[in-house]
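In case you want the letters, here they are:
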Amino acid sequence: MHNQIPPNQMFPSFTLDKQDEEDDHEKTTEHKKDPEEPSTKRVRPVAKSNSLTGVITPAKTPALKRFGQSITRSISFRTEARPLPPANMRSRQKPPLFTRKHNSQCWSDTVESHDLTAKEIKRQEVIYELTQGEKQLIEDLILVKKVYYEPMLKLEIMTESELGHIFGTLDSLIPLHEDFLTRLEKLRGSEKTVGEVAPTLMNWFPCLEAYITYCCNQVGAKALLDLKKQDKAVERFLLLCQESPFSRKLDLWNFLDLPRSRLVKYPLLLKEIQKCTPPEHPDEDILPDALELILSIVEEVNKKTGEAECQFYRRGLAYMEESQRIPEIQLSRFLYCQGELKNSKGQRLHVFLFELALVLTRLGEDREGGHLYQVYRQPFPNALLNLEDIPDSEAGGGGTFRTAFTGGNDKVRNCFRVSSRGRAKAQSHSLQANDSFNKQQWITCLRQAIVQSRDRSSLTSQNLQSPPPDPTLNNLADLSLNPAIEMTHHATH
């Protein structure tokens, strides 16, 4: 099953901390201050920094420009028939075994002394983390623009239209976050502490509505980027960048996904600030409103992104028969999940669980080499769907069934069955997931989709003053597949 993974990561720093330099200086002068030190005592040499200071100058943009020029020269003198020599994709310096974090400094490291309580110190640390996170994001967004977008445009590795589709409105996010960083830094007083932060958050959070456009574009952007990676020139350029020190072993999509990862972190940081804010603090009354505001913005971005994803995959469906175009597909506003499953014939199917329909497809390619999803058999309306768990067993439902799923040498594992009822000719499909966790995810999503669709159908019938629906449709007993899974009702999106 396809799962979006939005983990936030701490990245290696481009610079050597000033404190580290001072510590190293003290180590070199320590022995000079002690004339009585025995001459037989070994003197530990100053360790070389593991930072990337010698590779990329952090303070000024020209370093990124120089790196872009080096990529230009490297790509320009290569032919498609010659692979990239490993030596040209690495720094002259031996890479460190352990990379430094992007910024491991805490607020406490920036002040010499203070008389704050433990709770207030924690509050300052979280606010400082918020500020530093903005700096890191801005650095990465500028890096993406200077090292990926501009060289690829200059080298004509992709067209301006293709790059515009992949990078979307990323360029507009840089001044947005620079503005937020400026506001946060102005809050820091002479003692390097921040008093009220909630009004600033309330005033700036509405700017994050710009993320709706950026995140909605990411669905199509990822598909286009995957398609363009089949081009040798694009593949070589991205590989060269990923193997370079500045990338921290991240690929282009990791960088393009950083804004979304940052967006979902704001509520977590705000909750931490709220926990550390004393009742008498001026922020106490405003922070709940700020948290409610950012949660509503994140929810709206998720909703719009889900609608864009649903629309994108609907457009990618190729119907073999007109009867496959059931209205539930077009009426669906979001996807519960999608991914690869194996059927009892041994065929690999790409399955989409839309809001109102389950669609089995076979993956193909369009004329341009992009993914095309050929609809396999008749789609299932979720309200007419039956779900059956298939326990792991050696019998497995027959020789052909067992051979398709296991090769005939093992137990049948991680399988479930879906079938239709009512409206049209009954059909049934036995499907196998990659592992037990994947199977459980599919079952959970299917159960939610069935319950919500039946509730929706029941409500629609009542509004049309139709006869009461078949009570068996609302009987959830047949959905109790596993006592470990708790049946939950989620509000319709």
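These remarks concern the structure in this document. (Residues numbered from 1 in each chain as written. Predicted model: local features only at pLDDT ≥ 70, side-chain atom pairs only at ≥ 80, totals over all residues. Heavy atoms only, no water.)

### So, the side chain of threonine 200
Take threonine 200: it is sitting in helix 6 (residues 198–204). Once residues lying within four places of it in the same chain are set aside, the contact partners of threonine 200 are Phe180, Arg183 and Leu187. (Helix = DSSP H or I, 4+ residues; strand = E, 2+ residues; numbered from the N terminus. Contact = heavy atoms within 4.5 Å.)

### Notes on the state of the cysteines
Taken as a whole and assessed by the stated rule, the structure comprises 0 disulfides. Free cysteine cysteine 445: the closest other cysteine sulfur is in cysteine 337, separated by 3.9 Å. (Disulfide = S-S within 2.5 Å.)

### Some thoughts on the nonpolar core
Core analysis: the largest hydrophobic core is formed by 57 residues, its most contacted members being Tyr148, Phe205 and Leu208. Counting residues per element, this core draws most heavily on helix 3 (residues 118–154), at 10 residues. Not counting the four nearest positions on each side in its chain, tyrosine 148 is found in contact with Leu143, Phe167, Phe237, Leu238, Cys241, Phe246, Ser247, Leu250, Asp251, Leu252 and Phe255. With 23 residues, the next largest nonpolar core counts Phe334, Leu341, Leu358 and Leu446 among its residues. (Core = buried A, V, L, I, M, F, W, Y, C linked by side-chain atoms within 4.5 Å. Buried < 20%, exposed > 50% of the residue type's maximum accessible area, 1.4 Å probe, protein only.)

### Digging into helix 5 (residues 170–186)
Compared with an ideal rise of 1.5 Å per residue, which puts 17 residues at 24 Å, helix 5 spans 25 Å between its outermost C-alpha atoms and is within 8% of the ideal. Burial in helix 5 covers these residues: Leu170, Leu173, Ile174, Leu176, His177, Phe180, Leu181 and Leu184. Where helix 5 is buried, its residues meet helix 3, helix 4 (160–167), helix 6, helix 7 (211–228), helix 9 (252–256) and helix 10 (258–275). (Expected span 1.5 Å × (residues − 1).)

### With respect to the packing of aromatic side chains
To describe a pair of aromatic rings, one takes the distance between the centres and the angle between the planes. This model, assessed by the stated rule, comprises 14 aromatic pairs. Their ring planes at 80° and their centres at 5.3 Å tell us that phenylalanine 312 and tyrosine 313 sit as a pair that is edge-to-face. Judged by its relative accessible area of 24%, phenylalanine 312 falls in the partly exposed class. Here the aromatic cluster, defined as three or more aromatic residues joined through ring pairs, consists of Phe312, Tyr313, Phe352, Phe354 and Tyr373. (Phe/Tyr/Trp six-rings, centres within 6.5 Å; stacked < 30°, edge-to-face > 60°.)

### Considering the pattern of salt bridges
For the coordinates displayed, the defined rule picks out 22 salt bridges. For the salt bridge of glutamate 150 with lysine 146, the shortest nitrogen-to-oxygen distance reads 3.7 Å. With glutamate 150 and lysine 146 both in helix 3 and 4 residues apart, this pair spans about one turn of that helix. A residue is classified by how much of its surface remains accessible, and glutamate 150, at 31% relative accessible area, is partly exposed. Where salt bridges share partners, they join Glu120, Arg123 and Asp283 into one cluster. (Salt bridge = Lys/Arg side-chain N within 4 Å of Asp/Glu carboxyl O.)

### Description of the pairing of strand 2 (residues 335–343)
Across the 9 residues that make up strand 2, a large majority, 8, are buried. Where strand 2 lies against strand 3 (residues 348–354), 7 bridges are found, and the strand directions are antiparallel. Within strand 3, the position partnered with cysteine 337 by the bridge is leucine 353. Where strand 2 hands over to strand 3, the hairpin turn is made up of 4 residues, of which glycine 346 adopts a positive phi near 85°. Pairing between strand 2 and strand 9 (residues 428–432): 2 bridges, direction antiparallel. Paired with asparagine 343 across the two strands is leucine 431, which belongs to strand 9. (Pairing = 2+ DSSP bridges.)

### Digging into the packing of helix 3 against helix 5
Following both chains from N to C, one finds helix 3 and helix 5 inclined at 155°, their axes separated by 9 Å at the closest point. As summarised for this structure, helix 3 and helix 5 are arranged roughly antiparallel, according to the angle between their axes. Both helix 3 and helix 5 take part in a crossing whose hand is left-handed. Two secondary-structure elements touch here, helix 3 through Leu130, Thr131, Glu134, Lys135, Leu137, Ile138, Leu141, Ile142, Val144 and Lys145 and helix 5 through Leu170, Asp171, Leu173, Ile174, His177, Glu178, Phe180, Leu181, Leu184 and Glu185. (Axes fitted to C-alpha atoms, helices over the stretch in contact; angles between N-to-C directions. Parallel < 35°, antiparallel > 145°, perpendicular 65-115°, else oblique. Left-handed = near helix turned anticlockwise from the far one by under 90°.)

### Things to note about the environment of aspartate 257
Following the sequence through the fold, aspartate 257 ends up in the loop between helix 9 and helix 10. What makes aspartate 257 buried here is its relative accessible area of 12%. Residues aspartate 257 and tyrosine 214, spaced 43 residues apart in sequence, show a C-alpha to C-alpha distance of 10.0 Å.

Fair warning: the whole summary comes from geometry, so function is off the table for now.
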